[in-house]
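Secondary and tertiary structure notes
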Protein chains: 2
Amino acid sequence: MNVLIVFAHPDPRSLNAALRDVAVAELTAAGHAVQVSDLYAMRFKAEVDRDDFPLLAPADRLKVPGASKAAFTAGALTADVVAEQQKLLWADVLILQFPLWWFTMPAILKGWVDRVFAYGFAYGVGEHSEARWGDRYGEGTFAGRRAMVITTTGGWAEHYSARGVNGPMDDLLFPINHGILFYPGYDVLPAHVVHRADRLDAAGFEAAAEGLRERMRTIATTPPIPYRRQNGGDYLISGCELRPDLGDPGARGFALHVGRAPATAEAAAPTRPAA
Amino acid sequence: MNVLIVFAHPDPRSLNAALRDVAVAELTAAGHAVQVSDLYAMRFKAEVDRDDFPLLAPADRLKVPGASKAAFTAGALTADVVAEQQKLLWADVLILQFPLWWFTMPAILKGWVDRVFAYGFAYGVGEHSEARWGDRYGEGTFAGRRAMVITTTGGWAEHYSARGVNGPMDDLLFPINHGILFYPGYDVLPAHVVHRADRLDAAGFEAAAEGLRERMRTIATTPPIPYRRQNGGDYLISGCELRPDLGDPGARGFALHVGRAPATAEAAAPTRPAA
């Protein structure tokens, strides 16, 4: 398969960089093709602004969705954005790797999302009607491809546990896993999280590396998080609210949007043929 | 009171800018002092990198928390970051205003957080022992001050409702409200959210503006979200997990960290004297 790693750490000697190299080596050894977008090394521009939309006249207001749609339709997005979109179209698997800063991704990676995930490419795709509300949440440009997050924290795992004060890691990552990755169609694998990143000793690093190698070995077969597809019948269109009869009684919040995992082995098989 | 609005939209003619001006006018008319950090207009640097830490030797690895601590302790943070920290120390109320892009803040505002919320200033504050785990989540540099989010979405309110496909807005904002604002001590007011931002007509704008004026009129008295204080007895130290006897039965996720609102009028009074 083709794997794109979008990597966001400012130091090439960081733990994150070392883990990235572990992932690349393991994927390459298994015969996968790997590309890395090292956002700091690329000096990737983080801010959405007028420079992103050369067609926009100076007199026109910058409404980002409209400007993004016009530029994408006309093939007039900037070269750095188009290059990232081409990598995404090449990749069967997308990995976002970053240190967790203030409970989400670093600004430079958020800027990559804000700029590369254009209207018509990652959102604003498909028909909006009373039967379906766009190709999103399980449908869209990246349907049939896989994605996952690799992240590190300074804090303890307990602080991110089901009752930990930071909130559960899966919920903290929901806006990324569900809102950024599942939205344009990716099957999203559970994140790989390394805690206490600033204090790992050699044994700790090796354990983290081996855990990551295992995730890379199983990247084609790990069952995705069973998020509910928006247009699959679970939601009322066009309000996009979960049907009243669905969801565990008493469940609320993000957990409502996770359905039941398929029980068959077939369901865990890769959804696209290997390239 | 002193109010700082940190504003992130690239177009000065945007709906967000118009709402910001409404807020500034209302606050000023009520006698408050207002400063605005207009991040795009300031061309605020979004990426944390080595340039943020002039004391860091080229041979040293950039471990962000350590470098941030050393620079903050030595008074060696960059001038743009120090200026923002001074504004934060001046402000009784912090408002973060931004369009919701991919379910969180734009990159430039995330970069403001990543850079300005330094170790020793907004995290890494206080004693870490078996009795308390730092001055955070209700304690810290900004204890007794207030903060709130003002945001706009392109989507419908229903999509962000309790059962909406995007996830509930309060949960999407939890990593910001709880993880970025409550963490260093702010009392966090409920967010002010304007939906369908790209399609507001004149009547829609006036309704949004009037709702915002009302929020500005009540900014000193609106009861904050009753997040649980980490060191107030609700959490076991040092694992920082919620005590087994607390939380509604069956509750999980972020909702566990919201306690009960105080019933008395006194509790809704401002926690710092007006300046």
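Preceding block: the structure.
Since the structure is predicted, the reported quantities are computational estimates derived from the model, not experimental observations.

What follows is about the relation of the copies chain A and chain B. Of the transformation superimposing chain A on chain B, the axial component is 0.0 Å and the angular component is 180 degrees, with the fit at an RMSD of 0.0 Å. Classification of the inter-copy transformation places it as that of a two-fold axis. Relative to the rotation axis, the closest C-alpha in chain A is found at A:Ala107, a distance of 2.3 Å. A share of 100% of interface residues in chain A that are also interface residues in chain B marks the association as one of identical surfaces.

The subject of this paragraph is the packing of helix α4 (residues 107–116) of chain A against helix α5 (residues 107–116) of chain B. At a minimum axis separation of 8 Å, α4(A) and α5(B) run at an interaxial angle of 175 degrees. With respect to their mutual orientation, α4(A) and α5(B) come out roughly antiparallel. Touching A:Ala107, A:Lys110, A:Gly111 and A:Asp114 of α4(A) are B:Ala107, B:Lys110, B:Gly111 and B:Asp114, all from α5(B). Partitioning the contact of α4(A) with α5(B) into residue classes produces 2 nonpolar, 2 polar and 4 charged.

The subject of this paragraph is the interface of chain A and chain B. Between chain A and chain B, the contact holds 77 residues from the first and 77 residues from the second. Between chain A and chain B, roughly 5900 Å² of surface is buried when both sides are summed, and carbon and sulfur atoms account for 57% of that area. The largest per-residue losses of area from chain A upon contact with chain B belong to A:Trp102, A:Arg163 and A:Val165, which jointly make up 16% of the total buried on that side. Counting across the chain A and chain B interface gives 2 salt bridges. For A:Arg50, the salt bridge is made with B:Asp11, and the minimal N-O distance between the two is 3.5 Å. Seen at the junction of chain A and chain B, the total is 37 residue pairs in polar contact (both at pLDDT 80 or more). Listed by contribution, the elements that provide at least two residues to the side of chain A that touches chain B are α2 (64–73), α4, α5 (169–172), α6 (174–182) and β8 (241–242) of chain A. Tallying contributions element by element places α4(A) first for the side of chain A that touches chain B, with 6 residues. Counted by class, the side of chain A that touches chain B contains 42 nonpolar, 16 polar and 19 charged residues.

Cut-offs and rules
- Residues numbered from 1 in each chain as written.
- Chains lettered and ligands numbered in written order.
- Predicted model: local features only at pLDDT ≥ 70, side-chain atom pairs only at ≥ 80, totals over all residues.
- Heavy atoms only, no water.
- Least-squares fit on C-alpha atoms with pLDDT ≥ 70 in both.
- Contact = heavy atoms within 4.5 Å.
- Axes fitted to C-alpha atoms, helices over the stretch in contact; angles between N-to-C directions.
- Helix = DSSP H or I, 4+ residues; strand = E, 2+ residues; numbered from the N terminus.
- Parallel < 35°, antiparallel > 145°, perpendicular 65-115°, else oblique.
- Nonpolar A, V, L, I, M, F, W, Y, C, P; charged D, E, K, R; others polar.
- Buried area = accessible area lost by both parts, 1.4 Å probe.
- Salt bridge = Lys/Arg side-chain N within 4 Å of Asp/Glu carboxyl O.
- Polar contact = N/O pair within 3.5 Å; in protein donor to acceptor, adjacent residues only side chain to side chain.

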